[in-house]
Amino acid sequence: MLKAYDWMQALLSDFVEEDGSQGAARLYGSSISSNDLINVSGVIPQAIVQSLFAACKSGNFDLANKQVVDIVAEGYPISQMISQLFDVIVEDNDISDEQKARICKKLGEVDKCLVDGADEYLQMLDVASSTMRALCNMPQET
């Protein structure tokens, strides 16, 4: 199963080779790489998603908060981050089914809140803290 980022990169690599891409050409000039297209597509670099996931696994709230602040400051779409984080969570074999369920439940709740217009920073922080609690076997809030 291809992750969203891998799928987008493969698709865009083919697109650059075949078509040349008009929109990205205006932004980047005549030489366009698949990374240039990924930058304008809204897909978040996998390293960013992995750094948030690693911060959550560390159990250090300050580190997770810093990652969330950086993600929001960079302007990455939070709904895209949730989607890509979902892929990472589901495909990680070191996470128990119970932990995955707790995290995915929170991802669904946050997605609904974002659709309803909730603040992206607060929602991303909620995801990070809930993910951290699940991964570090901390008690859930009641």
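Residues numbered from 1 in each chain as written. Predicted model: local features only at pLDDT ≥ 70, side-chain atom pairs only at ≥ 80, totals over all residues. Heavy atoms only, no water.

### Some words on the environment of Ala 118
Argument step 1. Tracing the backbone through its elements, the reader meets Ala 118 in the loop between helix 7 (97-115) and helix 8 (120-135).
Argument step 2. Judged by its relative accessible area of 28%, Ala 118 is partly exposed. (Helix = DSSP H or I, 4+ residues; strand = E, 2+ residues; numbered from the N terminus. Buried < 20%, exposed > 50% of the residue type's maximum accessible area, 1.4 Å probe, protein only.)

### Some details on the nonpolar core
Argument step 1. Grouped together as the largest cluster of nonpolar side chains are 27 residues, with contacts concentrated most on Leu 52, Phe 53, Met 81, Leu 85 and Met 124.
Argument step 2. Elements with a minimum of two residues in this core: helix 4 (46-58), helix 5 (61-74), helix 6 (78-91), helix 7 and helix 8.
Argument step 3. At 7 residues, helix 8 tops the list of elements feeding residues into this core.
Argument step 4. Residues within four places of Met 124 in sequence aside, it is in contact with Leu 52, Val 68, Ile 78 and Met 81. (Core = buried A, V, L, I, M, F, W, Y, C linked by side-chain atoms within 4.5 Å. Contact = heavy atoms within 4.5 Å.)

### Re unusual backbone geometry
Argument step 1. A positive phi angle, near 55 degrees, is found at Asn 137, a position not held by glycine.
Argument step 2. Along the chain, Asn 137 falls in the segment after helix 8.
Argument step 3. Among the residues examined, Asn 137 registers a relative accessible area of 60% and is labelled exposed.

### A few points about helix 4
Argument step 1. Its 13 residues place the ends of helix 4 18 Å apart at the C-alpha level, agreeing with the 18 Å of an ideal helix rising 1.5 Å per residue.
Argument step 2. Of the positions making up helix 4, those classed as buried are Gln 46, Val 49, Leu 52, Phe 53, Ala 55 and Cys 56.
Argument step 3. Backbone geometry just after helix 4 places Gly 59 at a positive phi near 80 degrees. (Expected span 1.5 Å × (residues − 1).)

### Comments concerning the pattern of salt bridges
Argument step 1. By the definition in use, this model includes 5 salt bridges.
Argument step 2. One salt bridge connects Lys 106 with Asp 126, and the closest N-O pair in it is separated by 3.1 Å. A residue pair is termed long-range when its members are at least 10 positions apart, and Lys 106 in helix 7 and Asp 126 in helix 8 qualify at 20 residues.
Argument step 3. A relative accessible area of 23% means that Asp 126 is categorised as partly exposed.
Argument step 4. What emerges from the salt-bridge pattern is a single network uniting Lys 105, Lys 106, Glu 109 and Asp 126. (Salt bridge = Lys/Arg side-chain N within 4 Å of Asp/Glu carboxyl O.)

### Quick word on the confidence of the model for the protein chain
Argument step 1. In this model, the protein chain carries an average pLDDT of 84, and 75% of its residues clear a pLDDT of 70 or more.
Argument step 2. Below a pLDDT of 50 lies the segment residues 16-20, which in the model reaches 7 contacts outside its immediate sequence neighbourhood of four places, other chains included. (pLDDT = per-residue confidence, 0-100.)

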